[in-house]
Amino acid sequence: MYSLAIDQFERVAELRFPTLIDPALRKTEESHPTHIVTQYIIDRPRTIEGLKEELREQLTLIFLYHWRPTRAVEAGQSLCYFGKPSGQLMYKLNFVANYAGKVDEVSVTVFDSIELLRSALIKELDHIAGLGGDLRRRSEKDFRIDFF
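Residues numbered from 1 in each chain as written. Predicted model: local features only at pLDDT ≥ 70, side-chain atom pairs only at ≥ 80, totals over all residues. Heavy atoms only, no water.

## Quick notes on the pattern of salt bridges
Then step 1. Across all of its chains, the model carries 11 salt bridges by this definition.
Then step 2. Measuring nitrogen to oxygen at the nearest pair gives 2.6 Å for the salt bridge that ties Arg56 to Glu53. Placement of the pair is Arg56 and Glu53 together in helix H2 (residues 48-56), with a separation of three residues, close to one helical turn.
Then step 3. Classification of Arg56 by relative accessible area gives exposed; the value is 53%.
Then step 4. Judged by its relative accessible area of 46%, Glu53 falls in the partly exposed class.
Then step 5. Here Arg137 and Glu140 are joined by a salt bridge, their closest N and O atoms 3.2 Å apart.
Then step 6. When salt bridges with common partners are traced through the structure, they connect Glu10, Arg26 and Glu29 into a single cluster. (Salt bridge = Lys/Arg side-chain N within 4 Å of Asp/Glu carboxyl O. Helix = DSSP H or I, 4+ residues; strand = E, 2+ residues; numbered from the N terminus. Buried < 20%, exposed > 50% of the residue type's maximum accessible area, 1.4 Å probe, protein only.)

## Some thoughts on helix H3 (residues 114-129)
Then step 1. For H3, with 16 residues, the first-to-last C-alpha span of 22 Å sits near the 22 Å given by 1.5 Å per residue.
Then step 2. Considered for burial, the residues of H3 that qualify are Leu117, Leu121, Glu124, Leu125 and Ile128. Angular distribution of buried residues about the axis of H3 spans 100 degrees; they occupy a single face of the element. Along H3, the residues that are exposed and aim more than 90 degrees away from the buried face are Glu115, Lys123, Asp126 and His127.
Then step 3. Looking at the buried side of H3, the elements it contacts are strand E3 (61-68), strand E4 (78-83), strand E5 (90-96), strand E6 (103-111), strand E7 (134-137) and helix H4 (140-146). (Expected span 1.5 Å × (residues − 1). Arc of directions from axis to C-beta. Contact = heavy atoms within 4.5 Å.)

## Points about the pairing of E5
Then step 1. Judged by how many residues are buried, E5 sits mostly within the fold: six of seven residues are covered.
Then step 2. Where E4 and E5 come together, five bridges link them in antiparallel fashion. Paired with Cys80 across the two strands is Asn94, which belongs to E5.
Then step 3. Note that E5 and E6 share six bridges and pair antiparallel. Counted as the bridge partner of Phe95 is Val106 from E6.
Then step 4. In this antiparallel pair of consecutive strands, E5 and E6, the connection spans six residues, and Gly101 shows a positive phi of 80 degrees. (Pairing = 2+ DSSP bridges.)

In structure tokens form, the structure reads like this:
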């Protein structure tokens with residue numbers, strides 16, 4: 001089942017995010033009972049701000065959060081987007097800036113259901129909020145609307 005979900009995601013990603021996700025650059029894959037996590041190498045590393053600008057044009061992606069451990073350091077920043085919830089393909093994209101402040105890989109999580117996606121996003125937001133630092137996130141109101 002999950003190999004079908006990843007195949008479906010990769011077909012969609014090649015059309016929507018051709019500069020970010022190349023199936024030939026798949027690095028790892030972890031299967032879990034409710035989801036699968038796959039990592040892809042990004043062949044042209046970019047800054048978090050560059051990614052945000054690039055992804056802003058993607059109408060099928062929803063911004064979840066941008067977290068910075070401190071304003072003084074580019075390394076360690078993280079960024080999360082998720083696909084508009086639908087009955088066909090539920091996924092989230094996670095990016096983390098490396099020691100040089102560049103994002104050189106993307107972690108993609110594909111879920112079995114909208115409920116599992118929503119639950120995972122809530123847990124991730126709670127975890128990130130507990131880390132301190134500078135967090136910019138989607139509003140609670142907009143997040144609820146995304147799933148109704």
